[in-house]
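# Close look at the chain arrangement
Each chain, letter by letter, is given below.
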Amino acid sequence: MKSRIGVRCDVGPKRGIGHVMRSLALAEELVRRGAEVVFVCDSHTVPWADEQIRSRGIAVEPAVWTVEEHLALFGRLELTAVVWDSYDLDPAVFAAVRASGLPTLAIVDGGYGGAVADILVDQNLGSELDTPELPAGAVRLAGLDYVLLRNEILELRPTEPPTIRSSAVPKVFAFFGGTDAFGAGPHVVRALAATRQPFEALVIAPGDDLAAAIAAVDLQDGQHVEVIGPTSQLAKAVVASDLVISASGTSTWELLCLGATAGLVCVVDNQVMGYERTVATGAAVGVGILADLKEDPAAAAAVLGPLLQDPAERARLAAAGYQLVDGQGRVRVADALFQRIS
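Summary of the structure given here. These numbers come from a predicted model, not from an experiment. (Residues numbered from 1 in each chain as written. Predicted model: local features only at pLDDT ≥ 70, side-chain atom pairs only at ≥ 80, totals over all residues. Heavy atoms only, no water.)

## Topic: the packing of aromatic side chains
Both the distance between ring centres and the angle between the ring planes are used here to describe each pair of aromatic rings. Here the structure, examined in full by the defined rule, presents three aromatic pairs. A centroid spacing of 5.9 Å and a plane angle of 55 degrees characterise the contact between F74 and W84, whose relative ring orientation is tilted. Of this pair, F74 sits in helix α3 (residues 67–76) while W84 is found in strand β4 (residues 81–85), placing the two residues ten residues apart along the sequence. Between F173 and F175, the ring centres sit 5.2 Å apart and the planes meet at 25 degrees, which makes this aromatic pair stacked. When sorted by exposure, F173 lands in the same class as F175, which is buried. Grouping aromatic residues by their ring pairs yields a cluster made of F74, W84 and F94. Against the face of W65 rests R8, its NZ or CZ located 4.7 Å from the ring centre. When the ring centre of Y322 is taken as origin, the NZ or CZ atom of R157, which lies over that ring, is 3.9 Å away. (Phe/Tyr/Trp six-rings, centres within 6.5 Å; stacked < 30°, edge-to-face > 60°. Helix = DSSP H or I, 4+ residues; strand = E, 2+ residues; numbered from the N terminus. Buried < 20%, exposed > 50% of the residue type's maximum accessible area, 1.4 Å probe, protein only. Lys NZ or Arg CZ within 6 Å of the ring centre and 35° of its normal.)

Spelled out as structure tokens, the structure:
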């Protein structure tokens, strides 16, 4: 019998699309193995995210919220397992669905969200060192060995660690999720401008207000910024760039897998631990905390300036990140889920 697996995840203009993108990575692996997948989420609130799901031939059901609604929906869909990726749900929902007998897997970030499941996947750096109390009978898959990455990332992963790439003018790519919910783009561009170093930057701005704020930044001689809207070609832009600046969330592991020179911005509190741990490895540079960037871009400029001038340091960072994430995490997670289903 063909498995039918539901994916219940968060998405929205304020929540962003990180939950959708890592859930999609696992969904691609499940589909590759012959399972049918259906997402349960309000992806219509972020059209780009909705298109990413549906373009893969995956059906979408509107989000439900109560215990009763989940049990009824999952019964109607005749699911054989459920994948959770949500901070927003009442913990009682997780517990009730698990108690119903459906095999469940939850993608978590430390203790955020209160998820209860048969399998807990914490793909964050250093999470394998943590020892949280687990639900009875549950297993935990933790660390970068379980990072979930989409086809488009895996297809562009270099076969060898990156080497020095000298560019007359460094190419910078900056993006902060599908919605840039915290408005990081303009502040990062301001910090880049404050380095007074030449660069050519491509910046994702998901809305007209953000695009206008970026365009209003005063640039120095030799500095150029192009602003575009959300794109499905993120991975290609990453591998074509000398420096990539992004929020220190789910996209961090994509950057490392692709061998990018990564500059990270901590845009929200639940990213602090991952931000600090990743920077401490020497595989990425900490550009700063967004709240600090908004007050004064000088500290971030002091980090970015030397990086723009030093191809050897950019190559060192890229190679270190490449070694941390091998791209096989979703295979390991899918193995565990299908074993639980069987």
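Here the narrative resumes.
## A word on the sheet that holds strand β5 (residues 104–107)
Spatially, seven strands are ordered β3-β2-β1-β4-β5-β6-β7 in an open sheet, and the strand pairing comes out parallel. Among the strands making up the open sheet, the edge pair consists of β3 (59–61) and β7 (139–142). With strand direction ignored, the average angle separating the axes of adjacent strands in the sheet is 20 degrees. (Pairing = 2+ DSSP bridges. Axes fitted to C-alpha atoms, helices over the stretch in contact; angles between N-to-C directions.)

## Remarks on the layout of surface pockets
One water molecule sets the probe size; rolling that probe over the atoms shows where empty space is left. One number sums up the size of the largest pocket: a volume of about 890 Å³. What lines the largest pocket is a set of 48 residues, and nearest its centre among them are G18, G249, T250, S251 and Q271. When residues of the lining of the largest pocket are traced back to their parent elements, those giving at least two are α1 (18–32), α9 (251–257) and α10 (272–281). For the lining of the largest pocket, the element with the most residues is α10, which contributes five residues. Of the residues that constitute the lining of the largest pocket, the class distribution is 21 nonpolar, 19 polar and eight charged. Its boundaries defined by the atoms lining it, the second largest pocket holds a volume of some 260 Å³. In terms of lining residues, the second largest pocket is bounded by 17 residues, among which P162, R165, S241, G259 and A318 are the most central. Only α8 (234–239) and α13 (311–324) provide two or more residues apiece to the lining of the second largest pocket. Per-element tally for the lining of the second largest pocket: the top contributor is α13, with four residues. Residue composition of the lining of the second largest pocket, grouped by class: ten nonpolar, four polar and three charged. (1 Å grid on protein atoms, 1.4 Å probe; cavity = no way out; pocket = protein on both sides within 12 Å on 5 of 7 lines; lining within 4 Å. Points joined across faces, edges and corners; volume = space filled by probe spheres on them. Nonpolar A, V, L, I, M, F, W, Y, C, P; charged D, E, K, R; others polar.)

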